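Tertiary structure, described
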Amino acid sequence: MNRRILGLDPGTGIFGFGAIEVSGKNTFSMLTGGVVSSPANTPLPDRLLDIYDSLTEIVKEVSPTEISIEKLFFAQNVTTAIAVSHARGVAMLVARQHNLPISEYTPLQIKQTLTGYGRADKKQMQEMVRRSLNLPSPPKPDDAADALAAAITHALMTRI
C-alpha cells in the first residue's frame with residue numbers, strides 16, 4: 001500500500017501544506033501543495049478557524065495516512081512564536097480528529113535530511129524538493145515547498 005504524507009509548515013498569515021505519495025522506498029510524487037493565507041489585519045481567532053476549516057478540507061481531499069509538521073524554530077518575536085504555536089495546535093487537532101499519526105521535525109532536521117547540510121538556504125531546499133519530486137521547477141510559494149520538504153523528510157526518516 002502506498003503512503004500519503006501531508007507535510008505542514010505552520011504560520012498564521014501563511015500556512016503551507018504539501019502532500020506526497022510514497023511508492024516503494026524512494027519514489028515520491030507530489031499530490032498537492034499550496035498555502036492557507038489570510039490578510040494581515042485578520043484577528044487571530046478568525047485565522048485559526050480558517051486554518052482549521054482549510055486543513056480539514058485538505059485532509060478529506062488528500063486522504064493522508066500520516067502528517068509531518070515542522071517544529072517551531074525559536075523566534076526572536078515572542079508574539080509571532082505564540083501565534084504560530086496556536087496554528088500548530090490547530091493542525092495537530094485536525095490530525096488527531098482524523099486519527100492520523102503526527103511526526104515533527106525541526107528545520108535543521110529537514111535541511112540535513114534533504115541537503116545533507118543543516119544551514120542550507122531556501123534555494124538549495126527548493127531545488128532538493130524539486131529533484132525529490134521530479135518536478136520541472138521548484139514548487140511555489142516557499143511555504144508550500146517547505147511543507148513538501150517536511151513530507152519528504154518524514155518519508156526518508158521512516159523508510160520501511
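The coordinates are above.
Residues numbered from 1 in each chain as written. Predicted model: local features only at pLDDT ≥ 70, side-chain atom pairs only at ≥ 80, totals over all residues. Heavy atoms only, no water.

**With respect to the packing of helix H4 (residues 122-132) against helix H5 (residues 142-157)**
Packing of H4 against H5 brings their axes to within 10 Å, and their N-to-C directions diverge by 60°. With respect to H5, the axis of H4 lies oblique. Along this stretch, H4 crosses H5, giving a crossing that reads as left-handed. Across from Lys122, Met125, Gln126, Val129 and Ser132 in H4, the residues of H5 making contact are Asp142, Ala145, Asp146, Leu148, Ala149 and Ile152. For the contact of H4 with H5, the per-class residue count stands at six nonpolar, two polar and three charged. (Axes fitted to C-alpha atoms, helices over the stretch in contact; angles between N-to-C directions. Helix = DSSP H or I, 4+ residues; strand = E, 2+ residues; numbered from the N terminus. Parallel < 35°, antiparallel > 145°, perpendicular 65-115°, else oblique. Left-handed = near helix turned anticlockwise from the far one by under 90°. Contact = heavy atoms within 4.5 Å. Nonpolar A, V, L, I, M, F, W, Y, C, P; charged D, E, K, R; others polar.)

**Some thoughts on the sheet that holds strand S5 (residues 102-105)**
Read from one edge to the other, the open sheet built from five strands follows the order S3-S2-S1-S4-S5, with strand pairing classed as mixed. At either margin of the open sheet sits one strand with a lone partner, and together these are strand S3 (27-37) and S5. Along the sheet, successive strands turn relative to each other by an average axial angle of 20°, direction set aside. When strand S4 (residues 66-70) meets S5, the two strands line up parallel, connected through four bridges. Of the residues in S5, the one forming a bridge with Ile69 is Glu104. This element, H5, spans strand S1 (3-9), strand S2 (14-23), S3, S4 and S5 of the sheet and lies at about 35° to S2. (Pairing = 2+ DSSP bridges.)

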